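# Chain and residue survey
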Amino acid sequence: MRLVSDRGWVVFDTYVDNDVSAFTGGRARPEFARLLADIEAGRIGAVVVYHQDRLTRRPGEFEQFVEACQRNGVDQLVTVTSDISFGNDNGMLVARITAAVAANESARKRARILRKIEQNVAAGKPNGGANRPFGYEDDKVTVRESEAAIIRTVADRFVQGESLRSLVAWLQAEGVPTPGRAEAWRTTSLRNVLVSGRIAGLREHRGVVAGEAVWEPIISREQRERILAVFASRKRSGRRTPQRYLLSGLLRCGKCGGRLFSAARQTPQGKVERRYVCQSGPDHGGCGKLTISAVPVETWLTEAALYRLDTPEVTAALEGKHEADARHADAVAMLDAAQRRLTDVAEMFAAGDISKAEYLAARPVAEAKAAEAARVLESLATKDTLGSLVGNGTIIRERWDTYSLDRQHAIIRAILPSATIAAGSPGRGNFDPERVQPHWAA
Ligand SMILES: [Zn+2]
């Protein structure tokens, strides 16, 4: 502190607002406040700062500082580049101009950054920022094929009904590098990748799609809509509990039509036997009079489902898919239009082109349209899921044992939404396939 010793002064105290930019709007600067308090208390004769804009870049704060100095006879503000004497009018003028320039400069800087972001958004270009988006190279535009393949696989499996948790476990097991600087994959980081418009070649700004991006899409717009529909339906139906048994939720009681629940019991020999049972009681409401041993029915229905995938019946059933595709395109267009309308009216209201009443009247109409489109997309998602499985029964069977329970369940549910289990004949201990009535999706 030669600035101080050269003048024969003594340092009373130092004031450092760490990590707080001098022009950060609104944030408290405790040390600046303490400096003002010490000036007001008459403890200080002069103030030394590295540069005036380190003192403050906010004109209001600077005036506060000047007034405190004038009230308490502090007439010296010393910086590395200048001595400002509050004692004469010129010194005060210089200080005020410096403060104003500093304030303007930071405002200009902010405006420049915002303008750049807006230009980037309009041009569909990526923003700056250190983190490379998963699936893209450092330029944020070129697709990194190794990661793009993973995104497509994960998107397919998610749409087929596999849970985020199960997919995260798979990513970890495969040693897939994490996005950004994260140490490990989390359901939230995977969710962020899946819901981002980026992977569908869309430029987003503050979470809203702003238009087409300059980079190549990794998944199609349709796939993105399916992903969003799945998230929307899971949100509506609450958090999905992990599958405990392969056929949980798929089996119905042949006596009462109630749902069968998974349950284990100890056999007289001391072994644990897994079973599906109809349960009576307030929480379940079944007749409580039907059970079936889990392993044989699981084996049998898995074989039946995988076999079914490769049969001409399923292929024929999916012929009607062209019609579904057209409905899908319509729904996507409708959703697009509704979302654009919502943005438009919000902007018109913000710009003062329409009144608040008009704005409030326009919103529900567009929101209802968006909700309707989302419902259509959701109902079509099931059919799409099946489309990606059909004809692949043999391949799936070969890999079956390497799949997680969650994934196995998702595949079976796509082709076999439910099956009814008839009552067993008394005395027949062995599994009887005649008891199983599958209800195929196609
Ligand atoms: Zn029952």
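Details of the structure are given in the entry above.
The structure presented is a predicted model; accordingly, all values stated were derived computationally and were not measured.

### Observations concerning the coordination of the zinc ion
- Donor atoms from the polypeptide that bind the zinc ion are C253 (SG), C256 (SG), C278 (SG) and C287 (SG), placed at 2.3 to 2.4 Å.
- Between the four donor atoms coordinating the zinc ion, the angles at the centre fall across 101 to 116°, so the site counts as tetrahedral.
- For C278, a relative accessible area of 5% translates into the label buried.

### Some remarks on the packing of aromatic side chains
- By the definition in use, this model includes five aromatic pairs.
- A ring pair is formed by F134 and W185, whose centres lie 5.1 Å apart and whose planes are at 90°; its orientation type is edge-to-face. Placement of F134 in the loop between α5 (89–123) and α6 (145–159) and of W185 in the loop between α7 (164–174) and α8 (187–195) is noted, with a sequence separation of 51 residues between them.
- In this structure, R198 is placed above the aromatic ring of W215, and the distance from its NZ or CZ to the ring centre is 3.8 Å.
- A cation over a ring is seen here: R407 above Y403, with NZ or CZ 4.1 Å from the ring centre.

### A closer look at unusual backbone geometry
- Positive phi values are uncommon outside glycine, yet K140 reaches one of about 65°.
- Within the secondary structure, K140 is located in the loop between α5 and α6.

### So, empty space enclosed by the protein
- As enumerated under the stated definition, the model contains one cavity of 30 Å³ or more in all.
- The calculated volume of the largest cavity comes to roughly 40 Å³.
- Lining the largest cavity are F134, I150, I151, V154, L171, W185, L190 and V193.
- Broken down by element, the residue count for the lining of the largest cavity peaks at three residues, all from α6.
- Residue classes in the lining of the largest cavity are distributed as eight nonpolar, no polar and no charged.

### Considerations on the side chain of E225
- Within the secondary structure layout, E225 lies in helix α9 (residues 221–236).
- Among buried charged residues, E225 stands out as having no salt bridge; its nearest opposite-charge side chain is R221, 4.1 Å away.
- If we ignore the near neighbours within four places in the chain, the residues touching E225 are V332, L335 and L377.

### A word on helix α15 (residues 405–415)
- The element α15 is largely enclosed, with a buried count of nine among its 11 residues.
- Three or more residues of α15 are buried, namely D406, R407, Q408, H409, A410, I411, I412, A414 and I415.

### Things to note about the layout of surface pockets
- Estimates place the volume of the largest pocket at around 1100 Å³.
- Those elements that place two or more of their residues in the lining of the largest pocket are α8, β4 (202–205), β5 (208–212), α9, α12 (321–350) and α13 (356–389).
- Both domains that furnish three or more residues to the lining of the largest pocket are identified here as domain 2 (145–236) and domain 4 (322–379).

### Some details on the pattern of salt bridges
- For the structure shown, the criterion picks out 14 salt bridges.
- The closest approach of N and O atoms between R132 and E147, which form a salt bridge, is 3.0 Å. Of the two residues, R132 sits in the loop between α5 and α6 while E147 sits in helix α6, which places them 15 residues apart along the sequence. Side by side, R132 and E147 carry an identical accessibility label, which is buried.
- Sharing partners across several salt bridges, the network here consists of R132, E137, R144 and E147.

### Considerations on the packing of α6 against α7
- Close contact between α6 and α7 brings their axes to 10 Å; oriented N to C, the two are set at 150°. Considering their axes alone, α6 and α7 lie roughly antiparallel with respect to each other. Between α6 and α7 the crossing geometry is right-handed. Residues I150, T153, V154, R157 and F158 of α6 form the contact with α7, whose own contacting residues are L164, L167, W170 and L171.
- Class assignment for the residues of the contact of α6 with α7 results in seven nonpolar, one polar and one charged.

### Some details on the pairing of strand β8 (residues 272–278)
- The sheet contact formed by strand β7 (residues 260–266) and β8 spans seven bridges and is antiparallel. Opposite A264, over in β8, you have R274 as the bridge partner.
- Hairpin geometry of β7 and β8 is characterised by an intervening segment of five residues between the two adjacent antiparallel strands and by a positive phi of about 90° at G270.

### Quick notes on the environment of N131
- Within the secondary structure layout, N131 lies in the loop between α5 and α6.
- Sequence-wise, N131 and R181 are 50 residues apart; in three dimensions their C-alpha atoms are separated by 7.6 Å.
- Those residues in contact with N131 that lie beyond four places of it in its chain are K140, G180 and R181.

### Considerations on the nonpolar core
- Judged by nonpolar contacts, the single largest core of 34 residues is most densely connected at L247 and Y276.
- Mapped onto this core, the elements with two or more residues apiece are β6 (251–253), β8, α10 (294–309), α13, α15 and β10 (418–421).
- Looking at this core element by element, the count peaks at six residues for α10.
- Among the nonpolar cores identified, the runner-up in size contains 28 residues, and F134, I151, L167 and L171 belong to it.

Rules used throughout
Residues numbered from 1 in each chain as written. Predicted model: local features only at pLDDT ≥ 70, side-chain atom pairs only at ≥ 80, totals over all residues. Heavy atoms only, no water. Donors = N, O, S within 2.8 Å, 3.2 Å for Na, K, Ca; no water. Tetrahedral: all angles 85-135°; square planar, octahedral: opposite > 155°, others 65-115°. Buried < 20%, exposed > 50% of the residue type's maximum accessible area, 1.4 Å probe, protein only. Phe/Tyr/Trp six-rings, centres within 6.5 Å; stacked < 30°, edge-to-face > 60°. Helix = DSSP H or I, 4+ residues; strand = E, 2+ residues; numbered from the N terminus. Lys NZ or Arg CZ within 6 Å of the ring centre and 35° of its normal. 1 Å grid on protein atoms, 1.4 Å probe; cavity = no way out; pocket = protein on both sides within 12 Å on 5 of 7 lines; lining within 4 Å. Points joined across faces, edges and corners; volume = space filled by probe spheres on them. Nonpolar A, V, L, I, M, F, W, Y, C, P; charged D, E, K, R; others polar. Lys, Arg positive; Asp, Glu negative; His and termini not counted. Salt bridge = Lys/Arg side-chain N within 4 Å of Asp/Glu carboxyl O. Contact = heavy atoms within 4.5 Å. Domains from an automatic or database assignment. Axes fitted to C-alpha atoms, helices over the stretch in contact; angles between N-to-C directions. Parallel < 35°, antiparallel > 145°, perpendicular 65-115°, else oblique. Left-handed = near helix turned anticlockwise from the far one by under 90°. Pairing = 2+ DSSP bridges. Core = buried A, V, L, I, M, F, W, Y, C linked by side-chain atoms within 4.5 Å.

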